[in-house]
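Structural features, examined
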Amino acid sequence: MGTIDVHTHFVPSSWPDLSTQVGPGLWPTLRVDSEREAMIMLGDTEFRRVGDDCWDASVRLADMDADGVEMQVVSPTPLFFSYDKSGAEAVKVARIFNDLALEICAPAPDRMIPFAQVPLQDPDAACAEADRAIASGHAGVEIGNHVGDRDLDDEGMVMFLQHCADSGIPVFVHPWDMPGSPRLDRWMARWLTGMPAETHLSIIAMILGGVFDRVPPTLRLAFAHGGGSFAFWLGRFENAWQQRPDLIGVSERPPSAYLDRFSVDSVVFDPVALRVLVETLGASQVMVGSDYPYPLGERPVGSVVDRADFLDDAQKSAIRRDNALRFLGR
């Protein structure tokens, strides 16, 4: 049995004109440069070059076979979340891209597992679209780690997470919309430093915002990119909770008591970093993820697990497959 990769993305080979289908505004479009390459555009600005591995099932399956991947969770590219639009507009966008995701995964439904996006800025609409997507064939949802200044402990977000817990819908949290500044606009620094920081901040919000105290353990929740910098700085977090309870000791228990409430993927690239994850969170809380097919992802998928000589066979099996099956509810 092969690896299950819980962190991959898709981009459709085309989609309707969103300014016509949804409403006026700055929307992503696709400039098709060849049968195999395209450029995601935001107005006249080039956002990201993508290839046919984003939309062609045969290309994805060939890469999966080459890397020994049995199943992929196929999630939206965060650019399409549309959290900066109205809830009504974001619902329309979600339905368009969720339906296109089903088409992309249709050639291999036993191997390509679609996750849906939802209009998270409107919690009621997000719950409704999650239900519609699950009924249509999706297996879970991917959400961004915040909506503007609202983090995952916002009441609306908590309501959505409660709905997912009650409905058995797994939730994959992906960092997005990282802050920009002249210092962060060089060297892809928003991706190199912003993504880990955003993810770390949202896990802190889940703990100190009391989300884990209010939402039951039935919530199956995973954070991308190894949970950001959280595992490395847990000791600092724990110390602050103990030393400054007037400001930080607002959760019912110390931060280390919540480590079994969420999982992370393995996209940390270095066995030393993976060891920190496993020793901090436990091997039961780590799943293989690759960020396929983007260039900052891991190929071959799971290679960091292969190089981790500190893991025994049972731990490697858990990280490669067993934990993902539990997350997916299979």
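Residues numbered from 1 in each chain as written. Predicted model: local features only at pLDDT ≥ 70, side-chain atom pairs only at ≥ 80, totals over all residues. Heavy atoms only, no water.

Looking at the overall build of the protein
Looking only at helices and strands, one finds eleven helices and eleven strands in the protein. Radius of gyration (C-alpha) of the protein: 19 Å, near the 20 Å computed for a compact globule of 330 residues. In terms of principal-axis extent, the alpha carbons of the protein reach across some 55 × 45 × 45 Å. Looking at the protein as a whole, 55% of its 330 residues qualify as buried. Long-range contacts, defined as pairs at least 24 residues apart, comprise 69% of the intrachain contacts of the protein with a sequence gap of at least 6. Accessible surface, the protein as shown: approximately 14000 Å² in total, 53% of it carbon and sulfur. Here the protein contributes 28 positive and 48 negative side-chain charges, whose respective centroids are spaced 2 Å apart. (Helix = DSSP H or I, 4+ residues; strand = E, 2+ residues; numbered from the N terminus. Rg over C-alpha atoms; globule rule 2.2 N^0.38 Å. Buried < 20%, exposed > 50% of the residue type's maximum accessible area, 1.4 Å probe, protein only. Contact = heavy atoms within 4.5 Å. Areas by Shrake-Rupley, 256 points an atom, 1.4 Å probe, with all protein chains shown as cover. Lys, Arg positive; Asp, Glu negative; His and termini not counted. Charge placed at Lys NZ, Arg CZ, Asp CG, Glu CD.)

Focus: the nonpolar core
If you look at the biggest cluster of nonpolar residues, it comprises 81 residues, and the most contacted ones within it are V141, I143, F160, L221, F262 and L274. Sorting elements by how many residues they give to this core places helix α3 (residues 87–105) first, with seven residues. With residues near it in sequence (within four places) discarded, I143 still touches F81, Y83, V118, L120, L152, F160, L161, V171, F172, V173 and H174. In terms of nonpolar packing, the next biggest core, distinct from the first, is built from 15 residues, F115, A139, F172 and L328 among them. (Core = buried A, V, L, I, M, F, W, Y, C linked by side-chain atoms within 4.5 Å.)

Observations concerning the sheet that holds strand β3 (residues 37–42)
Read from one edge of the open sheet, three strands run β2-β3-β4, paired in antiparallel fashion. Looking at strand neighbours, the two that pair on one side only are β2 (28–32) and β4 (45–51), the edges of this open sheet. Within the sheet, the average angular offset between the axes of one strand and its neighbour, ignoring direction, is 30°. (Pairing = 2+ DSSP bridges. Axes fitted to C-alpha atoms, helices over the stretch in contact; angles between N-to-C directions.)

A closer look at the pattern of salt bridges
Under the definition given, this model contains 17 salt bridges. With a closest N to O distance of 2.6 Å, R244 and D246 form a salt bridge. A relative accessible area of 40% means that R244 is categorised as partly exposed. The shortest N-O distance in the salt bridge between R320 and D306 comes to 2.4 Å. Of the two residues, R320 is situated in helix α11 (residues 313–328) and D306 in helix α10 (residues 303–306); the sequence distance between them amounts to 14 residues. Residues participating in the shared-partner salt-bridge network are R31, D33, E37, E46 and R49. (Salt bridge = Lys/Arg side-chain N within 4 Å of Asp/Glu carboxyl O.)

A look at the environment of V147
Structurally, V147 is set in the loop between β7 (140–144) and α5 (155–167). Note on V147: relative accessible area 7%, which makes it buried. Through-space distance from the C-alpha of V147 to that of Y83 is 6.2 Å; in sequence the pair is 64 residues apart. With residues up to four places along the chain from it excluded, the contact list for V147 reads Y83, L120, Q121 and M157.

What to know about the side chain of S290
By the secondary structure assignment, S290 is in the loop between β11 (286–287) and α10. Looking at S290, its side chain comes within polar contact range of the side chain of D5, at 2.4 Å. When neighbours within four sequence positions are excluded, S290 is seen to be in contact with D5, H7, T8, V267, G297, E298 and V301. (Polar contact = N/O pair within 3.5 Å; in protein donor to acceptor, adjacent residues only side chain to side chain.)

Some words on helix α8 (residues 234–243)
What α8 keeps buried is the set L234, F237, E238 and W241. Down the axis of α8, the buried set is contained in an arc of 95°. They therefore lie on one face. In α8, those exposed residues whose orientation departs by more than 90 degrees from the buried face are R236 and Q243. (Arc of directions from axis to C-beta.)

Structural notes on the sheet that holds strand β5 (residues 69–76)
One open sheet accounts for eight strands, arranged β1-β5-β6-β7-β8-β9-β10-β11; its pairing is parallel. At either margin of the open sheet sits one strand with a lone partner, and together these are β1 (3–10) and β11. With two bridges joining them, strand β6 (residues 112–116) and β7 adopt parallel strand pairing. Across the sheet, residue A116 finds its bridge partner in β7, namely V141. Strand contacts of α3: β1, β5 and β6, with the helix running at about 180° to β6, the strand carrying the most contacts.

Describing a nonpolar patch on the surface
Together, M188, L192 and L296 make up a nonpolar patch on the protein surface, roughly 290 Å² of accessible area in all. Mapped onto the elements, L192 comes out in helix α6 (residues 189–208). Under the relative-accessibility criterion, L192 is labelled exposed at 55%. (Patch = residues over 30% accessible without salt bridge, like charges linked within 9 Å, V, L, I, M, F, W, Y side chains within 5 Å.)

Observations regarding the packing of aromatic side chains
What the rule picks out here adds up to 13 aromatic pairs. An aromatic cluster is built from F212, F223, F230, F237, Y258 and F262, whose rings are joined through pairwise contacts. Positioned over the ring face of Y294 is R48, at 4.3 Å from the centre of the ring. (Phe/Tyr/Trp six-rings, centres within 6.5 Å; stacked < 30°, edge-to-face > 60°. Lys NZ or Arg CZ within 6 Å of the ring centre and 35° of its normal.)

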